[in-house]
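What follows is each chain in one-letter form.
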Amino acid sequence: MNLTESLLHALKAHGARQIFGIPGDFALPYFRIIEKSAILPLYTLSHEPGVGFAADACGRISGGLGVAAVTYGAGAFNMVNAVASAYAEKSPLVVLSGGPGKGESQSGLLLHHQAKTLDSQFQIYKEITCDQVRLDDAERAPADIARALANCLRHSQPVYIEIPRDMVAEPCLPVTAQAALAVDPDALDACVTDILQRLAQASAPVLMAGVEVRRFGLEAKVAELSSRLALPVVTSFMGVGLLAQTEAPLVGTYLGVAGLPEVTQLVENSDGLFLLGVIVSDTNFAVSEKKIDLRKTIRALAGQVTMGYHTYSHIPLAALVDHLLLRVPATDKKFSVKHQSYPHGLVADAASITPTDIATAVNDLMARHGKLPIASDMGDCLFTALDIEHTALIAPGYYATMGFGVPAGLGLQAATGERPLILVGDGAFQMTGWELGNCRRYGWDPIVLLFNNASWEMLRTFQPESGFNDLDHWGFAEMAAGMGGDGVRVNTRAELKAALDKAIATRGRFQLIDITIPRGVLSETLSRFVAGVKRLSTPQ
Ligand SMILES: Cc1ncc(Cc2csc(CCOP(=O)(O)OP(=O)(O)O)c2C)c(N)n1
Ligand SMILES: [Mg+2]
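Here the structure is a predicted model, which is why all the values come from computation and not from measurement. (Residues numbered from 1 in each chain as written. Chains lettered and ligands numbered in written order. Predicted model: local features only at pLDDT ≥ 70, side-chain atom pairs only at ≥ 80, totals over all residues. Heavy atoms only, no water.)

> Go over the site of ligand 1, please, and point to the residues and values.
Not every one of the 16 residues close to ligand 1 is listed here, only the nearest: Asp 380, Ala 400, Gly 427, Ala 428 and Met 458. Interatomic distance of 2.9 Å between a backbone N/O atom of Ala 400 and a nitrogen atom of ligand 1. With the chains in place, 80% of the 590 Å² that ligand 1 exposes on its own is no longer accessible. Elements with a contribution of two residues or more to the shell around ligand 1: helix 18 (426-432) and helix 20 (457-462). (Near = heavy atom within 4 Å. Polar contact = N/O pair within 3.5 Å; in protein donor to acceptor, adjacent residues only side chain to side chain. Areas by Shrake-Rupley, 256 points an atom, 1.4 Å probe, with all protein chains shown as cover. Helix = DSSP H or I, 4+ residues; strand = E, 2+ residues; numbered from the N terminus.)

Dropping the structure here:
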């Protein structure tokens, strides 16, 4: 077996099911082995940001590993933003990059694609990955790969693997996976006792589920635990879509002043808030109506549990949830809660379209045809997603980069085989929407809802006086046919409903619905969010 094959087998053994990539001369040798060995299917896209977002989506939605394969320099540097997003949002992404071989590295020449030094790329990737290895020693390679992949899954964060192009075919032993780290049973039991006592003493305990619950594949267990504990559950903004396929006593999504008042009060008046895998970020908590005193919460994140002024270290989330389930007996007592309601019954008339109409039309569609998984970009489309019936949703809810939606939708379909709904604004579509041109050769057929307000509308809401947020109307619908799909422009609610009915009935070609939204018309959630931020930032 050669070094690349050993790496590919290890990736597969650790949960990778596909590779997204774009080659270059430093990467051609290892791409050749990917193609010839067929250990993992390879999907190439058109621009490295899309490769990173698509691979990130695969890891998120499957709970395995996403794999992004690029060339040295221009390729890897092009993908930095997507990997930074994966790092911030705790996505298990493996970055493979070709690299210079030993001889050329010692030639004394400056190499093409080199930035400052030959090591610059490795150093830059140190800032956005939790582990990095350069496979320049075939003896050491199996252990290096085992450590990097174990860390990727243990921390649910990206890792960087550089493959010098003169090493790809070196004989190499298979990789033996690292053993799971031992958890101190006494510390775990003491931690669980502490948590259960605090929850029992609270008069209004609430469980907030965050992204780590999905990243570590714990949704079903958390749903069971919340029922046993009779805890109402909310998701964080980043955790939207979590627990969608479970019987969890889910009330809704916490959004502070931008959310539904009943959810906001439930969270902010709780004297026993249990944050399970929640990233304590501004997008999750900055618009709190009432400042949440984090010292009074129970926070389990990144392998630690913090309560009051003390922290239990080395308590992985999965071990914590398993031990809680061990200590809390199953009960046949059903704990149910009133779930937030979603808009239904679009009036299909000649009125212009608002983001809430889009959510209503999607809810109607899913009621008729079953739920669709959603990949959303950043922009008002993401706020609109909060008004869509609970379904699997991947989105850059914390790092908040544009460009995620379309490539992530392609990754979602590649990883699950399910037809996704993609929500994307016109600004973000201009960045990575063109990846739709790759659908035909792979048989992907997403339904793309393009929120076209001819504007960077989110920015305009915060700075209305700036004219630079005005965009032109691009003919996105006309461009779809040239990329192998079907496109239609809709201006009224009746046209929107007809376009969705046609799209859901058409398989095998992507369906792009270019939805005209009058400039300045926002989703209700974004309107509340902006009003809340302005109110909270105005000195009282
Ligand atoms: C890669 C990147 N560059 C800039 C920005 C900054 C930004 C945040 S929101 C926004 C406007 C989005 O316009 P779009 O038409 O997509 O959506 P909408 O607001 O609903 O009209 C920008 C430019 C971000 N977040 N990511
Ligand atoms: Mg826009």
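Moving on, there is more to tell.
> Can you break down a nonpolar patch on the surface residue by residue, with the values?
Residues Trp 456, Leu 459 and Phe 468 make up a contiguous nonpolar surface patch of roughly 320 Å² in combined accessible area. Inspection of the secondary structure puts Phe 468 in the loop between helix 20 and helix 21 (476-482). The exposure class of Phe 468 is exposed, given its relative accessible area of 54%. (Patch = residues over 30% accessible without salt bridge, like charges linked within 9 Å, V, L, I, M, F, W, Y side chains within 5 Å. Salt bridge = Lys/Arg side-chain N within 4 Å of Asp/Glu carboxyl O. Buried < 20%, exposed > 50% of the residue type's maximum accessible area, 1.4 Å probe, protein only.)

> An account of the coordination of the magnesium ion (ligand 2) is needed here, citing residue identities and associated values.
Only Asp 426 (OD), Asn 453 (OD1) and Ser 455 (O) from the protein coordinate the magnesium ion (ligand 2), and they sit 2.1 Å from it. Mapping the donors of the magnesium ion (ligand 2) onto the primary sequence yields the spacing D-x26-N-x1-S. Of this pair, Asp 426 sits in helix 18 while Asn 453 sits in the loop between strand 17 (447-452) and helix 20, and the two are 27 residues apart along the sequence. Comparing Asp 426 with Asn 453, the two get one shared label, buried. (Donors = N, O, S within 2.8 Å, 3.2 Å for Na, K, Ca; no water.)

> Account for the packing of aromatic side chains, with residues named and values stated.
All chains considered together, the criterion is met by 18 aromatic pairs. The interplanar angle of 90° and the centroid separation of 4.9 Å between the aromatic rings of Tyr 43 and Tyr 442 together place this pair among those described as edge-to-face. Of this pair, Tyr 43 sits in strand 2 (residues 42-44) while Tyr 442 is found in helix 19 (residues 439-442), placing the two residues 399 residues apart along the sequence. Note on Tyr 442: relative accessible area 22%, which makes it partly exposed. Judged by centre distance (5.7 Å) and plane angle (85°), the ring pair of Phe 122 and Tyr 160 falls under edge-to-face. Highlighted residues: Phe 122 in helix 7 (residues 120-126) and Tyr 160 in strand 6 (residues 159-164), separated in sequence by 38 residues. What links up through ring pairs into an aromatic cluster is the set Phe 20, Tyr 43, Tyr 442 and Trp 444. (Phe/Tyr/Trp six-rings, centres within 6.5 Å; stacked < 30°, edge-to-face > 60°.)

> How would you sum up the domain arrangement of the chain? Please name residues and give values.
For the chain, the assigned domains are domain 1 (3-164), domain 2 (185-327) and domain 3 (355-530). A straight line from the C-alpha centre of domain 2 to that of domain 3 covers 31 Å. With 21 residues of domain 2 in contact, the opposing surface of domain 3 contributes 12 residues. Three residues, Phe 237, Val 240 and Ala 258, lead the burial of domain 2 against domain 3; their summed loss comes to 33% of the area buried on that side. Our count for the domain 2 to domain 3 interface comes out at 4 residue pairs in polar contact (both at pLDDT 80 or more). When residues of the side of domain 2 that touches domain 3 are traced back to their parent elements, those giving at least two are strand 9 (250-253) and helix 13 (282-285). In terms of residue class, the side of domain 2 that touches domain 3 is built from 13 nonpolar, 6 polar and 2 charged. (Domains from an automatic or database assignment. Contact = heavy atoms within 4.5 Å. Buried area = accessible area lost by both parts, 1.4 Å probe. Nonpolar A, V, L, I, M, F, W, Y, C, P; charged D, E, K, R; others polar.)

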